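# Structural overview
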Amino acid sequence: MIQWQGARVLITGASSGLGEQFAHAVARRGAIPILVARRQTRLAEVAQAIHARTGIHPEVIACDLLIPQARAELVTRVGTVDVLIPNAGWGPVGRVATLSLRAHQEMLTLNIEAVVEVVHGLLPLLKRRRQGGILFVASTAAFQPCPNFATYGATKAFILSWAQALGQELRKDDITVTTLCPGATATEFFQAANIPRKRIPALARGLLDPEAVVEAGLRGLEQGRALVIPGMRHRFLVQVQRFVPRRVIAWVAGRSLGLK
Ligand SMILES: NC(=O)c1ccc[n+]([C@@H]2O[C@H](COP(=O)([O-])OP(=O)(O)OC[C@H]3O[C@@H](n4cnc5c(N)ncnc54)[C@H](OP(=O)(O)O)[C@@H]3O)[C@@H](O)[C@H]2O)c1
């Protein structure tokens, strides 16, 4: 059970997109967002907008989650916390051999290592409070091999699997663990990853609204659901995939991700 009033909610990747929407949505519920990302000016603007609308003063922590020391400092700096939303993530489109090794390493660090480190570091605090939750942000890419998006998809598959295992481990601690798996959503994700939207068929089919995605995720957390896939079409596609051979799924996914 999540008691939002006065709760402290750590949100990574809060300077734009889903993270920014999470910050507004939890503040509307009476919680105090702790905003984490690299762009300090953007974080300050988000904090100011939240204060103007709700009267709540969010905390701002500028932090590059790719830097080991910055991650360690973040964990020690947070103090008490009730809900974690390790949302920051990044993923460029391209063949494994074409992307730089550095790009692969940064995806592994930001999308997996930083999530594990922040959650592991703050879990003792959450356990002590016995009323909180963790809302992971994976993706529909977690359910299938993703040619042309291979490392990104695999990082999200890791998060989904890890989160569902952790959720079972924490059942007796009264800590809810929910994994949100959105399909393509209208945020700065594609810009940040330099993804040409017109060349990717999956994106041309339309993007989800970030506010609706965030509300679905928070409702899922409030209801104690392990998995949330926003949108009927995405839920249907995820279910259908279970009955189709992985080889076929990989071929279809590659096509829809612009693999020629
Ligand atoms: N948009 C989609 O289609 C979609 C679909 C499924 C899942 N997701 C997932 O949703 C999550 C949020 O992405 P989004 O769509 O909201 O994209 P976004 O608008 O690009 O937001 C990404 C956030 O991550 C932060 N970030 C990036 N690198 C960072 C670093 N090294 N250290 C700290 N923060 C960093 C960015 O802030 P700074 O640049 O200021 O650091 C930004 O606030 C990601 O995990 C993404 O994989 C997105």
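See the structure shown above.
The structure reproduced in this document is the subject of the present report. (Residues numbered from 1 in each chain as written. Predicted model: local features only at pLDDT ≥ 70, side-chain atom pairs only at ≥ 80, totals over all residues. Heavy atoms only, no water.)

Attention now moves to the site of the ligand. What surrounds the ligand is a group of 30 residues, the closest being Arg39, Asn87, Tyr152, Thr185 and Thr187. Contact distances for the ligand include 3.0 Å between an oxygen atom and a backbone N or O atom of Gly13. Between an oxygen atom of the ligand and a side-chain N or O atom of Lys156, the distance comes to 2.9 Å. Calculation on the ligand without its partners gives an accessible area of 880 Å², and the protein chains cover 96% of this total. Residue composition of the shell around the ligand, by class: 15 nonpolar, ten polar and five charged. (Near = heavy atom within 4 Å. Polar contact = N/O pair within 3.5 Å; in protein donor to acceptor, adjacent residues only side chain to side chain. Areas by Shrake-Rupley, 256 points an atom, 1.4 Å probe, with all protein chains shown as cover. Nonpolar A, V, L, I, M, F, W, Y, C, P; charged D, E, K, R; others polar.)

On to a nonpolar patch on the surface, then. There is a patch of nonpolar side chains on the surface, built from Phe236, Leu237 and Val240 and spanning about 260 Å² of accessible area. One can find Phe236 in helix H9 (residues 232-241). A relative accessible area of 55% places Phe236 in the exposed class. (Patch = residues over 30% accessible without salt bridge, like charges linked within 9 Å, V, L, I, M, F, W, Y side chains within 5 Å. Salt bridge = Lys/Arg side-chain N within 4 Å of Asp/Glu carboxyl O. Helix = DSSP H or I, 4+ residues; strand = E, 2+ residues; numbered from the N terminus. Buried < 20%, exposed > 50% of the residue type's maximum accessible area, 1.4 Å probe, protein only.)

Two elements in contact, helix H4 (residues 101-129) and helix H5 (residues 150-169), have axes separated by 8 Å at closest approach and are oriented at 15 degrees. For the element pair H4 / H5, the angle class is roughly parallel. Of the two elements, H4 crosses H5, and the hand of that crossing is right-handed. Residues His104, Met107, Leu108, Asn111, Ile112, Val115, Val116, Val119 and Leu123 of H4 touch H5, and the partners they reach there are Thr151, Tyr152, Thr155, Phe158, Ile159, Trp162 and Leu166. Residue composition of the contact of H4 with H5, grouped by class: twelve nonpolar, four polar and no charged. (Axes fitted to C-alpha atoms, helices over the stretch in contact; angles between N-to-C directions. Parallel < 35°, antiparallel > 145°, perpendicular 65-115°, else oblique. Left-handed = near helix turned anticlockwise from the far one by under 90°. Contact = heavy atoms within 4.5 Å.)

Counting residues in hydrophobic clusters, the biggest one holds 36 residues, and the most contacted among them are Leu10, Leu74, Ile134 and Phe136. When contributions to this core are tallied by element, the ones reaching two or more residues are strand S2 (32-37), helix H3 (68-77), H4, strand S5 (133-137) and H5. Those residues in contact with Phe136, other than ones at most four positions away along the chain, are Pro86, Val115, Val119, Ile159, Trp162, Ala163, Leu166, Val177, Thr178, Thr179 and Leu180. Grouped together as the second largest cluster of nonpolar side chains are 32 residues, Val9, Leu35, Leu180 and Leu221 included. (Core = buried A, V, L, I, M, F, W, Y, C linked by side-chain atoms within 4.5 Å.)

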